[in-house]
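# Summary of the model geometry
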Amino acid sequence: MEIRVEKAATLKELPDPNTLVFGKTFTDHMFLMNYDAGQGWHDGRIVPYGPLSLEPCAMVLHYAQEVFEGLKAYRDPQGGVRLFRPADNAERFQNSCQRLCIPPIPVEDFVEAVKALVRLEERWVPGVAGTSLYIRPFVFATDPSLGVHASHSYLFCIICCPVGAYYKEGLSPVKIYVEDEDVRAVRGGTGFTKCGGNYAASIRAGERAEEKGFSQVLWLDGVERKYIEEVGAMNVLFKVDGKVITPALNGSILPGVTRRSCLDLLRDWGCVVEERRITAQELFDAAKAGKLEEAWGSGTAAVISPIGTLAWEDQSVVINGGKIGDLSQKLYDTLTGIQWGVEPDPYGWSVKL
Ligand SMILES: *Cc1c(COP(=O)(O)O)cnc(C)c1O
């Protein structure tokens, strides 16, 4: 793939790495590539970051034919920059595209585009502990038409923003509410894809949970509303009676790169890991029997987010005394150690630029 580069005439002043807010400050450049029927993907280019121009009738604005990804670039102790399993994001992007009838982008082109942009934006990868450069690739339908069908033209775009340390004073467990009204996804739908539409459907439950004093919701399956699916926009794992259990990927759950990495590490450490259906009832029974030892969410943003309190209807349980458990902490330390290049990486997950 050829990438044309048009550099910004003036560069922005770098923000203070100690006070970065997620998703507010963007770097100097962005990657763009167009798709047109008959021509395929073409005109890959890096240009100054700035507004896009769209017809009001652009298909994405009406029918939400759009998918995205999220990954990070990390500054290692030698001053180099690393990505974490970027080909996994590229493959998931392809799967998301296929479900939404968007022409997929070859894995190598996706990774190359990310690398080219991050290389140009290297000075934006912060060096303060826990900080990173968040990378947001996304693609959307641009046909100027209100007809409901797959668009014939698309724009693929990558933008980046420096992000602060997620945990400034150690990992603090959060309060989670089991959502029994709204559902996030159903099998046969788009739950396994990273599409904006899934997020649109999830916002109301998140807002309500916050009003009730919780950080996020625990999603139940969309058919029987019995089985655990995810926590907020993270995958969810539990340690019950010495074993780690997590919902199996059933079509409505997002296959997280962090989830997969947790499971790989746990199996290597000799833990018993089960990917299967888990009812909310099973969890609350385990908690009451004193067997729900740890619970945590996994995702690129927080890596590991321990759950301290779980509430469902009129029941509420506190997990591990509301403190982070040893296994959650070990997963966090190992994963972040590999991501920042300070721990050995026998898996080849950490990719130097
Ligand atoms: C992105 C995402 C995750 C986590 O995936 P990672 O690859 O680990 O960042 C989990 N659930 C949902 C709904 C997501 O969108």
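Up top you'll find the structure we're talking about.
Figured I'd write up the structure that's included with this text. Remember, it's a predicted structure, so these values are computed and weren't measured experimentally. What you see as residue numbers is a count from 1 along each chain, following the sequence as written. Side-chain atom pairs in this predicted model are given and counted only at pLDDT of 80 or more, local residue features only at pLDDT of at least 70, and totals for whole chains, interfaces and linings cover all residues. Processing note: side-chain calculations cover all non-hydrogen atoms of the structure and skip hydrogens and water entirely.

## Overview of the overall build of the protein
The way it works is that DSSP assigns letters per residue, a run of H or I at least four long becomes a helix, a run of E at least two long becomes a strand, and they are numbered from the N terminus. When you go through the protein residue by residue, the secondary structure sums to seven helices and 18 strands. Atoms considered for the radius of gyration are the C-alpha atoms alone. The globule rule reads 2.2 Å times the number of residues to the power 0.38. Taking 353 residues into account, the globule formula puts the C-alpha radius of gyration at 20 Å, and the protein, at 21 Å, falls close to it. The C-alpha extent of the protein, read off along each of the three principal axes, is 60 × 50 × 35 Å. Burial classes follow relative accessibility: with a 1.4 Å probe on protein chains only, a residue under 20% of its type's maximum area counts as buried, one over 50% as exposed, and anything between as partly exposed. Put simply, the protein has 353 residues, and 53% of those count as buried. Pairs of residues are marked as contacts when any of their non-hydrogen atoms sit within 4.5 Å. Counted over contacts in the protein with a minimum sequence separation of 6, partners at least 24 positions apart contribute 70%. Carbon together with sulfur atoms contributes 51% to the accessible area of the protein, which is approximately 15500 Å² in total. Where the 37 positive side-chain charges of the protein centre and where its 46 negative ones centre are 2 Å apart. With residues, only the protein chains shown are counted as cover, and all accessible areas are computed by Shrake-Rupley using a 1.4 Å probe. Positive charges come from Lys and Arg, negative ones from Asp and Glu, while His and the chain ends are left out of the count. Taken as the charge centre is NZ of Lys, CZ of Arg, CG of Asp or CD of Glu, depending on the residue.

## Re unusual backbone geometry
One non-glycine residue, cysteine 101, adopts positive backbone phi at about 60°. Overall, the relative accessible area of 52% leaves cysteine 101 in the exposed class. The backbone phi angle of glutamate 313 is positive, close to 50°, even though this residue is not glycine. Within the secondary structure, glutamate 313 sits in the loop between β16 (303–312) and β17 (315–318). Look at glutamate 313 and you get exposed, because its relative accessible area is 52%.

## A look at helix α2 (residues 86–99)
Its 14 residues place the ends of α2 20 Å apart at the C-alpha level, agreeing with the 20 Å of an ideal helix rising 1.5 Å per residue. Looking only at α2, the buried set comprises Pro86, Asp88, Asn89, Ala90, Arg92, Phe93, Ser96 and Cys97. A positive phi of about 60° marks cysteine 101, the residue just after α2. Under the convention used throughout, the expected extent of a helix is 1.5 Å for every residue step, that is, one less than its residue count.

## Section: empty space enclosed by the protein
Residues are called lining when one of their atoms sits within 4 Å of a cavity or pocket point, these points coming from a 1 Å grid over the protein atoms alone, where a cavity is a set in which a 1.4 Å probe fits but cannot get out and a pocket is an open set with protein on both sides within 12 Å along at least five of seven lines. Grid points are joined across faces, edges and corners, and a volume is the space filled by probe spheres set on the points. Summed over all chains, the structure comprises two cavities of 30 Å³ or more. Size it by volume and the largest cavity reaches roughly 70 Å³. Lining the largest cavity we find Gly70, Leu71, Lys72, Tyr74, Phe84, Asn89, Val257, Thr258, Thr300 and Gln339. Contributing elements (two or more residues each) for the lining of the largest cavity: β5 (71–75) and α5 (257–268). Broken down by element, the lining of the largest cavity gets its largest block of residues, three residues, from β5. Here the lining of the largest cavity is built from residues that sort into four nonpolar, five polar and one charged. When its volume is computed, the second largest cavity comes out at roughly 40 Å³. Taken together, Glu294, Ala295, Pro306, Ile307, Ile319, Asn320, Lys323, Ile324, Gly325 and Ser328 make up the lining of the second largest cavity. When residues of the lining of the second largest cavity are traced back to their parent elements, those giving at least two are β15 (292–299) and β16. Three categories are distinguished: nonpolar for Ala, Val, Leu, Ile, Met, Phe, Trp, Tyr, Cys and Pro, charged for Asp, Glu, Lys and Arg, and polar for the others, with Gly belonging to the last.

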